[in-house]
Amino acid sequence: MSNNNIQSILQETRIFEPSDEFIAQANIKATDVALMKQKAEEDYTGFWGDLAKEHIDWQTPFTTILDDSKAPHYQWFSDGRLNVSYNCLDRHIADKGDKTAIIFEGEPGDIRKISYKELLADVSQFANALKAQGVGKGDRVIIYLPMVAEGVVAMQACARIGAIHSVVFGGFSAEALKDRANDAEAKIIITADGGNRGGKPVELKKAVDAALDAGCPSVEKVIVLQRTNHGVDMQEGRDIWWHDAINGQSTECEPEWVDAEHPLFLLYTSGSTGKPKGIQHSSAGYLLQAIITNKWVFDQKASDTFWCTADIGWITGHTYVAYGPLALGTTQLIYEGAPTVPDSGRFWKICQDHQVSIFYTAPTAIRALMRFGDDVPNSYDLSKLRLLGTVGEPINPEAWMWYHNVIGQEKCPIMDTWWQTETGGHMIAPLPGITALKPGSCTHALPGIIADVVDKEGNSIENANEGGFLVIKKPFPSMLRTIWNDDSRYAETYWPMFDGKYYLAGDSAYIDEDGYFWIMGRIDDVLNVSGHRLGTMEVESALVAHPSVTEAAVVGKPHEVKGEAIVAFITCKGDRPTGDKADKMIEELRAWVAKEIGPIAKPDDIRFADGLPKTRSGKIMRRLLRAIAKGEEITQDTSTLENEAVVEQLQGKA
Ligand code: WT7
């Protein structure tokens, strides 16, 4: 076996076929997909052109489909003009004006239903308020709000007037907010006094004040939504309440027609090193993937209530909350708070109370809720659920089975969706009613997405189950256009290999004998143990399959003989093991990994903590863990950690 490519060590053999019942009603049929794939093969740009005509309402139709003259800054539908907010709102009013667009539930239990007609009025009025504050086409607007319906209103209002929003997750610090506002040279910040999370207010306005005190020279105004009412300082001349800003503004606002390539938004994502990257998305290409994936992968229909639990601070909350479901005219649910307030049944109670039929969340949330036991979800009526989804990391088979059996009651297909902030929408994901599912695999690339796994020369890896670089071999409409203000970083990050021909996702993956994709980890995180290259995600997946383990992260540390040794950081169910109990557990876990995937993957060092250091988006802070594994001083910013004590526990100091 070659030691060059990354080796796969996990085996999963269960297969779940779609039910006849699901197949009969699915939005997309196997015959459609066969035709689409054929069309994409014979006439790639024609395939995308047809979809863009079918799914988007254009003010000026496009005549050019793909312009690659500025590659790798590919342009799609570039002489067409549209407005994204028009496509999400206005076009539904004639036949769906009174339909509920958003059901909002606050953490304290307040509920508000907003129809499409009302949402259009709210968006238009707020768009007029933004204009009155001097915001125009192309201006950057920071949105730093809790997960409330007004977040979607603010995003849609920007889209309506051609302003470029950049949503900053409400859990980020003043420092992070300042960096993003300055990089984007934002003119205005939209925030709230606070948000409700975990039973207490999140101090959003205070963070904005601190960021502006530290220096955001471009920011002229701050619009403040009153949400928690807990009393905040307002600076005369700079800060204005949301309700005052909209007061007297018309509830009608003509959409600003923009070019297809006009930037719809920036979204900052932290790279593994260096400063955050302002991922820049287009209007039309982005919208198209948002529409087709909500329709195909989530099978959204007029009768559904869709709930994506992601915050609007992440790309998932853009494509599967703020834009996609609205563009399809779906009813969706938005929940403000934590999944465990007042208790660990909150998500399931919301599903029951609002008759949620499609539910999309992250594996880490599933594992966290799973540890409270089956009785919690079993005490709610989840019978309306008909489809489930996951995103963010591979879902370990144990969590997949729990999601399938307990939440989905064995009748809901699970869509494991692989994509990235950069791709704007799902890339590799099952099609419900068509794809047979394998727990832990994101299955196949969607029609029109030419994904592959290649070696470092760019050749397809022919052997089944042999790992390599995950690439997308043709430009696609929803791909990022650049990194804001940094074209060279864009080229270096995403097109560094293969003569710039393929988009490099940065993940390692393999394709199995049935053509299924399995994500193994980030390329930067690959372990090299005695000449075997192993993906971190697989070792982690094996560890979390142990009945006592909730979360696991593995990193490498230099080892004289093996090259790298594996260090595992673990959170257990119940209390953190210490002393003899910890020693016993370590032996058990080493034996477990040896049995699950083989002795080469056995961790040399295992440490327990009450939690793992994760970014607010749930990504494990691997650089921090690598430093801990090597016993180095901590230089990373740990201020965003929910529990800073875990760092000391992992260092063995507590
Ligand atoms: C990275 C992108 C896409 C929205 C949420 C995260 C990992 C994402 C999966 C999946 C395995 C996954 C990849 C990817 N990832 N989905 N279904 N299976 N890994 O967005 O912060 O841009 O992260 O998340 O490593 O590259 P993001």
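Being a predicted model, the structure only gives us computed values, none of them experimental. Sequence order sets the numbering: in each chain, residues are counted from 1 along the sequence as written. With the structure being a predicted model, the display of local features is reserved for residues of pLDDT at least 70 and the display and counting of side-chain atom pairs for 80 or more, all residues being used for whole-chain, interface and lining totals. Computation of side-chain values: all heavy atoms of the structure, hydrogens and water removed.

**Description of the pattern of salt bridges**
Oppositely charged side chains may form a pair once their charged atoms are brought near each other.
Now for step 1: In the sections that follow, a salt bridge refers to a side-chain nitrogen of Lys or Arg positioned within 4 Å of a carboxyl oxygen of Asp or Glu. In the structure shown here, the tally under the stated rule is 40 salt bridges.
Now for step 2: The salt bridge partner of Asp90 is Arg160, with a shortest N-O separation of 2.9 Å. On the criterion of sequence distance, the pair formed by Asp90 in helix H4 (residues 84-96) and Arg160 in helix H6 (residues 149-161) is long-range, its members being 70 residues apart.
Now for step 3: Burial classes: relative accessible area under 20% of the type maximum marks a residue as buried, over 50% as exposed, and values in between as partly exposed (1.4 Å probe, protein chains only). Judged by relative accessible area, which is 2%, Arg160 ranks as buried.
Now for step 4: Salt-bridge contacts for Asp507 lead to Arg522; the nearest nitrogen and oxygen are separated by 2.7 Å. Taken together, the residues span a long stretch of sequence, with Asp507 in strand S25 (residues 503-511) and Arg522 in strand S26 (residues 517-522) at a distance of 15 residues.
Now for step 5: Ionic contacts of the salt-bridge type, sharing partners, join the residues Lys205, Asp209, Arg238 and Asp239 into one network. Note on conventions: DSSP H or I runs of at least 4 residues are helices, E runs of at least 2 residues are strands, and numbering of each starts at the N terminus.

**Topic: the environment of Ile143**
Now for step 1: Looking at the secondary structure, you find Ile143 in strand S7 (residues 140-144).
Now for step 2: On the accessibility criterion, Ile143 (0% relative accessible area) is buried.
Now for step 3: Placed 232 residues apart in sequence, Ile143 and Asp375 show a C-alpha to C-alpha distance of 39 Å.
Now for step 4: Residue contacts are defined here by distance: any two heavy atoms, one from each residue, within 4.5 Å place the two residues in contact. Ile143 has contacts with Ala154, Met155, Cys158, His165, Ser166, Val167, Val168 and Ile190, leaving out every residue within four places of it along the chain.

**Quick notes on the site of the ligand**
Now for step 1: Any residue with at least one heavy atom within 4 Å of a molecule or strand is counted as near it. In the vicinity of the ligand, 17 residues are found, and the nearest of them are Asp416, Thr417, Gln420, Thr421 and Asp507.
Now for step 2: A distance of 2.9 Å is found between an oxygen atom of the ligand and a side-chain nitrogen or oxygen belonging to Gln420.
Now for step 3: Of all the elements in the fold, those that place two or more residues in the shell around the ligand are helix H11 (315-327), strand S21 (414-417) and S26.
Now for step 4: The classification used treats Ala, Val, Leu, Ile, Met, Phe, Trp, Tyr, Cys and Pro as nonpolar, Asp, Glu, Lys and Arg as charged, and all other residues, Gly among them, as polar. Class assignment of the residues belonging to the shell around the ligand gives a composition of seven nonpolar, five polar and five charged. N or O atoms closer than or at 3.5 Å make up a polar contact, with two conditions inside protein: a donor-capable atom paired with an acceptor-capable one, and, for residues adjacent in sequence, both atoms drawn from side chains.

**Some remarks on the layout of surface pockets**
Now for step 1: In this structure, the second largest pocket occupies an estimated 390 Å³ of space.
Now for step 2: Going through the elements one at a time, helix H1 (20-25) and helix H15 (397-407) are the ones with two or more residues in the lining of the second largest pocket.
Now for step 3: No other element matches the three residues that H1 contributes to the lining of the second largest pocket. Lining residues are defined by having an atom within 4 Å of a point belonging to a cavity or pocket. Those points lie on a 1 Å grid over the protein atoms alone, cavities being sets where a 1.4 Å probe fits but cannot get out and pockets being open sets with protein on both sides within 12 Å along at least five of seven lines. Grid points are joined across faces, edges and corners, and a volume is the space filled by probe spheres set on the points.

**Looking at the sheet that holds strand S18 (residues 331-335)**
Now for step 1: A pair of strands is considered paired only if DSSP assigns at least 2 bridges between the two. As summarised here, the arrangement of the seven strands in space is S6-S5-S18-S17-S19-S20-S21, forming an open sheet in which the pairing is mixed. Each edge of the open sheet carries a strand with a single partner, namely strand S6 (111-115) and S21. When strand polarity is set aside, the average angle formed by the axes of neighbouring strands in this sheet is 20 degrees.
Now for step 2: Of the strand pairs in this sheet, strand S5 (residues 100-105) and S18 are connected by four bridges, and their pairing is parallel. Across the sheet, the residue bridging to Ile103 is Leu333, located in S18. As a rule, the C-alpha atoms of each element are fitted with a line to give its axis, helices using only the stretch in contact, and angles between N-to-C directions run from 0 to 180 degrees.

**Observations regarding the packing of aromatic side chains**
Now for step 1: Classification of ring pairs rests on two measures: the distance between centres of Phe, Tyr or Trp rings, Trp counted by its six-membered ring, which must be within 6.5 Å, and the angle between planes, read as stacked under 30 degrees, edge-to-face over 60 and tilted in between. Summed over all chains, the structure comprises 37 aromatic pairs.
Now for step 2: Among the aromatic residues, those joined into a cluster by ring pairs are Tyr44, Phe47, Trp48, Trp58, Phe62, Trp76 and Phe77.
Now for step 3: For Arg180, the ring lying beneath its charged end belongs to Phe172, and the centroid distance is 4.5 Å.
Now for step 4: Put simply, a charge is over a ring when the Lys NZ or the Arg CZ is close to the ring centre, within 6 Å, and near the line of the ring normal, within 35 degrees. Cation over ring: Lys595 sits above Trp592, and NZ or CZ is 4.4 Å from the ring centre.

**Observations concerning the state of the cysteines**
Now for step 1: A pair of sulfur atoms, both from cysteines and within 2.5 Å, is called a disulfide here. For the coordinates displayed, the defined rule picks out zero disulfides.
Now for step 2: There is no disulfide at Cys216, and the cysteine sulfur nearest it, in Cys158, is 17 Å away.
Now for step 3: Sulfur of Cys308: no disulfide; nearest cysteine sulfur belongs to Cys351 and is 12 Å away.
Now for step 4: In this structure Cys308 comes out as buried when scored by relative accessible area, which is 3%.

**Points about the pairing of strand S15 (residues 265-269)**
Now for step 1: Within S15, five of the five residues are buried, which leaves it mostly tucked inside the rest of the structure.
Now for step 2: Residues Phe265, Leu267 and Thr269 of S15 are buried on one face, and the alternating residues Leu266 and Tyr268, pointing to the opposite face, are buried as well.
Now for step 3: Sheet topology note: the strand S8 (residues 164-167)/S15 ladder contains two bridges and is parallel. Bridge pairing in S15 links Ser166 to Leu266.

**A short note on the nonpolar core**
Now for step 1: We define the nonpolar core as a collection of buried residues of types Ala, Val, Leu, Ile, Met, Phe, Trp, Tyr and Cys that are connected through side-chain atoms lying within 4.5 Å of one another. Membership of the largest hydrophobic core comes to 171 residues, with the highest contact counts inside it found for Trp48, Phe77, Phe126, Leu130, Trp348 and Phe359.
Now for step 2: Here this core takes nine residues from H6, the largest share from any one element.
Now for step 3: Among all residues touching Leu130, those that are not within four sequence positions of it are Val135, Ala157, Cys158, Ile161, Ile188, Ile190 and Ile223.
Now for step 4: Ranked by size, the runner-up nonpolar core spans 24 residues in total, among them Val539, Ala542, Ala552 and Ala582.

**Re the side chain of Asp183**
Now for step 1: Considering the arrangement of structural elements, one finds Asp183 in helix H7 (residues 174-184).
Now for step 2: Apart from the residues lying within four places of it in its own chain, the contact partners of Asp183 are Tyr268, Lys275, Trp484 and Asn485.

**Digging into the packing of helix H13 (residues 363-370) against H15**
Now for step 1: The interhelical angle for the contact between H13 and H15, taken along N-to-C directions, is 70 degrees, at an axis separation of 10 Å. Of the possible angle classes, the one that applies to H13 and H15 is roughly perpendicular. Residues Ile366, Arg367, Leu369 and Met370 of H13 pack against Glu398, Ala399, Trp402 and Tyr403 of H15.
Now for step 2: Looking at the contact of H13 with H15 residue by residue, the classes come out as six nonpolar, no polar and two charged. Comment on the angle field: the value is read as roughly parallel under 35 degrees, roughly antiparallel over 145, roughly perpendicular from 65 to 115, and oblique elsewhere.

**A closer look at helix H5 (residues 116-132)**
Now for step 1: Taking 1.5 Å as the rise per residue, H5 with 17 residues should run 24 Å; its terminal C-alpha atoms sit 24 Å apart, in good agreement.
Now for step 2: Considered for burial, the residues of H5 that qualify are Tyr116, Leu119, Leu120, Val123, Ser124, Gln125, Phe126, Ala127, Asn128, Ala129 and Leu130.
Now for step 3: Downstream of H5 by a residue or two, Gly134 has a phi angle that is positive, lying close to 90 degrees. Helix span, expected: 1.5 Å multiplied by one less than the number of residues in the helix.

**A word on H7**
In an α-helix, one turn spans 3.6 residues; hence positions three or four apart end up facing the same way.
Now for step 1: Of all eleven residues that make up H7, eight are buried, and the element is covered over most of its length.
Now for step 2: For H7, every residue scored as buried is listed here: Ala174, Ala176, Leu177, Lys178, Arg180, Ala181, Asp183 and Ala184.
Now for step 3: Considering only its buried residues, H7 is in contact with S7, helix H8 (204-215) and S15.
Now for step 4: One or two positions beyond H7, positive phi appears at Glu185, with a value near 50 degrees.

**Let's talk about the pairing of strand S12 (residues 221-225)**
Residues in a regular strand point their side chains to alternate faces of the sheet.
Now for step 1: With four of five residues buried, S12 is to be regarded as a mostly interior element.
Now for step 2: In terms of strand pairing, strand S9 (residues 188-192) meets S12 through five bridges, oriented parallel. The partner of Ile190 across the bridge, within S12, is Ile223.
Now for step 3: Two strands pair when backbone bridges link them, and S12 and strand S13 (residues 239-241) are joined in this way by three bridges, in the parallel orientation.

**Looking at empty space enclosed by the protein**
Now for step 1: By the definition in use, this model includes two cavities of 30 Å³ or more.
Now for step 2: In this structure, the largest cavity spans a volume of roughly 50 Å³.
Now for step 3: Lining the largest cavity we find Val84, Cys158, Ala159, Gly162, Ala163, Val258, His262, Pro263, Leu264 and Ser283.
Now for step 4: Among the residues forming the lining of the largest cavity, the class breakdown is seven nonpolar, three polar and no charged.
Now for step 5: Reported here for the second largest cavity is a volume of approximately 40 Å³.
Now for step 6: Lining the second largest cavity are Ser166, Val167, Val168, Phe169, Phe172, Arg180, Leu267, Tyr268 and Gly313.

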